[in-house]
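# Coordinate analysis (summary)
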Amino acid sequence: MNLGFKVAVFMICINIAAGIMNIALPDLPVTEDYDTTQATLLASTITNTSINPSGGVGSDPDTFGDRVLDFIHLGWIKQVTDFLYGLLYGFSGLLEKIFGIYYLPYKIYINLGITAAYGLSIIMLWLGRRLD
Amino acid sequence: MVCGNITGGEVCGWSELLSGNLVKAVYVMYDAALLGWFIAILFFLFQAGLYMKTRNPNIVWVTGILFLSLFIRIGNYVKPIALSAMALILLLELAGIMYFIIFKK
């Protein structure tokens, strides 16, 4: 059990703790831009059309396949992946929430470091089992 | 930061002291001296002392949650950056609790 493994595990602990606190805290307030975007989307009349492969745009037929796809409802996959992302990469999200900013600068580098901690901990666990 | 009514702002707590508000006078004096970090420093001292006395990170974290929610509710006495610093301290405490759970300290 070397020091690097402990540091990596502590980074993972920080992320999980930040994810838990991030889930517990309320969301940031909705800005005006978001309101206007929503109003624009709601005011627009987007019809259910599809592009015909043989050319032209026609109305989308309500087929059995469409009904199957609606039944599967891929939104839950997005919800579950967002939840897991918020739990496993919670540090940057918590920083954004407690400082009240919508996008943290250098967030990608923070998340890359977290990914390195996850990978290092897995590799060290694997090596430890092999070396023992 | 000048003591007295020279610049229009009174930061030494004389008006509170002469009104008989002792606790508020002390708060105004120390908060001016510590640039608005008085409550946050008291919070850190309380957390460190409680951990040194009890060696129990769970009770430290729970009392930290209670006091942080109180400071968020009373609002004007703590500046937002100090509240953010307190939240980061609570994050480190929760991470430490999880670390102790993993490594059976």
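Structure shown above.
Structure report, in brief. Just so you know, these numbers come straight off a predicted model, no measurement behind them. Residue positions are given per chain, counted from 1 along the sequence in the order it is written. Chain A is the first chain written and ligand 1 is the first ligand written, with later ones labelled in order. Local features in a predicted model are, by the rule used here, given only for residues with pLDDT of at least 70; side-chain atom pairs are given and counted only at 80 or more, and totals for whole chains, interfaces and linings are based on all residues. Excluded from the side-chain calculation are hydrogens and water; included are all heavy atoms of the structure.

### Notes on a nonpolar patch on the surface
Residue and element names in this part refer to chain A.
- Any residue with relative accessible area above 30% and no salt bridge may belong to a patch, with like charges joined within 9 Å and the nonpolar Val, Leu, Ile, Met, Phe, Trp and Tyr side chains within 5 Å. Note on areas: Shrake-Rupley, 1.4 Å probe, and residue coverage restricted to the protein chains presented here. Only one rule defines a salt bridge in this text: a Lys or Arg side-chain nitrogen within 4 Å of an Asp or Glu carboxyl oxygen. On the surface, Ile23, Phe64, Val68, Ile72, Trp76, Ile77, Val80, Phe83, Leu84 and Leu88 cluster together into a nonpolar patch covering about 930 Å² of accessible area.
- Strands are runs of DSSP state E lasting at least 2 residues, helices are runs of H or I lasting at least 4, and numbering of each runs from the N terminus. Counting residues per element, the nonpolar patch draws most heavily on helix H4 (residues 75–88), at 6 residues.
- Inspection of the secondary structure puts Val80 in helix H4.
- Here the term buried applies to any residue with accessible area under 20% of the maximum for its type, exposed to any over 50%, and partly exposed to those in between, with areas from a 1.4 Å probe on protein chains only. By relative accessible area, Val80 is classed as partly exposed at 38%.

### Focus on the packing of aromatic side chains
Residues and elements named next belong to chain B.
- The aromatic pairing rule takes the rings of Phe, Tyr and Trp, using the six-membered ring of Trp, and pairs them if the centres are within 6.5 Å, calling planes under 30 degrees apart stacked, those over 60 edge-to-face and the rest tilted. In the structure shown here, the tally under the stated rule is 14 aromatic pairs over all chains.
- Taking the centre distance of 5.3 Å and the plane angle of 15° together, the rings of Tyr30 and Phe38 count as stacked.
- Judged by relative accessible area, which is 13%, Phe38 ranks as buried.
- The interplanar angle of 75° and the centroid separation of 6.3 Å between the aromatic rings of Phe43 and Phe71 together place this pair among those described as edge-to-face. Of this pair, Phe43 sits in helix H3 (residues 38–54) while Phe71 sits in helix H4 (residues 57–74); the two residues are 28 residues apart in sequence, bridging distant segments of the chain.
- The exposure class of Phe43 is buried, given its relative accessible area of 3%.

### Focus on unusual backbone geometry
- For Tyr106(A), which is not glycine, the phi dihedral falls at a positive 60°.
- Mapped onto the fold, Tyr106(A) is located in the loop between helix H5 (90–99) and helix H6 (107–131).
- Positive phi, close to 55°, is recorded for Arg55(B), a residue that is not glycine.
- Looking at where Arg55(B) falls in the secondary structure, it is placed in the loop between H3 and H4.
- Note on Arg55(B): relative accessible area 56%, which makes it exposed.

### Focus on the nonpolar core
- To form a nonpolar core, buried Ala, Val, Leu, Ile, Met, Phe, Trp, Tyr and Cys residues must be joined to one another through side-chain atoms within 4.5 Å. Ranked by internal contacts, the top residues of the largest apolar core, which has 33 residues, are Phe71(B), Val78(B), Met86(B) and Leu91(B).
- At the level of elements, helix H1 (3–24), H5 and H6 of chain A together with helix H2 (22–33), H3, H4 and helix H5 (80–103) of chain B are the ones that each hand at least two residues to this core.
- Of all the elements, H5(B) adds the most residues to this core, at 10 residues.
- Val78(B) has contacts with Ile39(B), Phe71(B), Leu83(B) and Met86(B), leaving out every residue within four places of it along the chain. We call two residues contacting when some pair of their heavy atoms lies within 4.5 Å.

### Section: the interface of chain A and chain B
- Tallying the contact residues gives 16 residues for chain A and 14 residues for chain B.
- Between chain A and chain B, roughly 1300 Å² of surface is buried when both sides are summed, and carbon and sulfur atoms account for 91% of that area.
- Area buried by chain A at its contact with chain B is led by Cys13(A), Met21(A) and Ile98(A), which between them contribute 35% of it.
- Here a polar contact means two N or O atoms within 3.5 Å. Within protein one must be a hydrogen donor candidate and the other an acceptor candidate, and residues neighboring in sequence count only if both atoms are side-chain atoms. The tally of links between chain A and chain B comes to 1 residue pair in polar contact (both at pLDDT 80 or more).
- Listing elements by their share of the side of chain A that touches chain B, those giving two or more residues are H1 and H5 of chain A.
- In terms of residue count, H1(A) provides more of the side of chain A that touches chain B than any other element does, 10 residues in total. The buried area of a pairing is the accessible area, by a 1.4 Å probe, that goes missing from both parts when the two are put together, added over both.

### A short note on H3(B)
Residues and elements named next belong to chain B.
- In this scheme, a helix's expected span is set at 1.5 Å multiplied by one less than its residue total. Its 17 residues place the ends of H3 24 Å apart at the C-alpha level, agreeing with the 24 Å of an ideal helix rising 1.5 Å per residue.
- Among all positions in H3, only Phe38, Ile39, Ala40, Phe43, Gln47 and Leu50 are buried.
- Structurally, H3 contributes buried residues whose contacts are with H2, H4 and H5.
- A positive phi of about 55° marks Arg55, the residue just after H3.

### Re the pattern of salt bridges
Residue and element names in this part refer to chain A.
- Applying the stated criterion to the full structure yields 1 salt bridge over all chains.
- As a salt-bridge pair, Glu96 and Lys107 come within 3.2 Å of each other at their nearest N and O atoms. Note that Glu96 is positioned in helix H5 and Lys107 in helix H6, a separation of 11 residues in sequence.
- Judged by its relative accessible area of 10%, Glu96 is buried.
- With relative accessibility at 13%, the residue Lys107 sits in the buried group.

Function-wise, these values are silent; they only describe arrangement.
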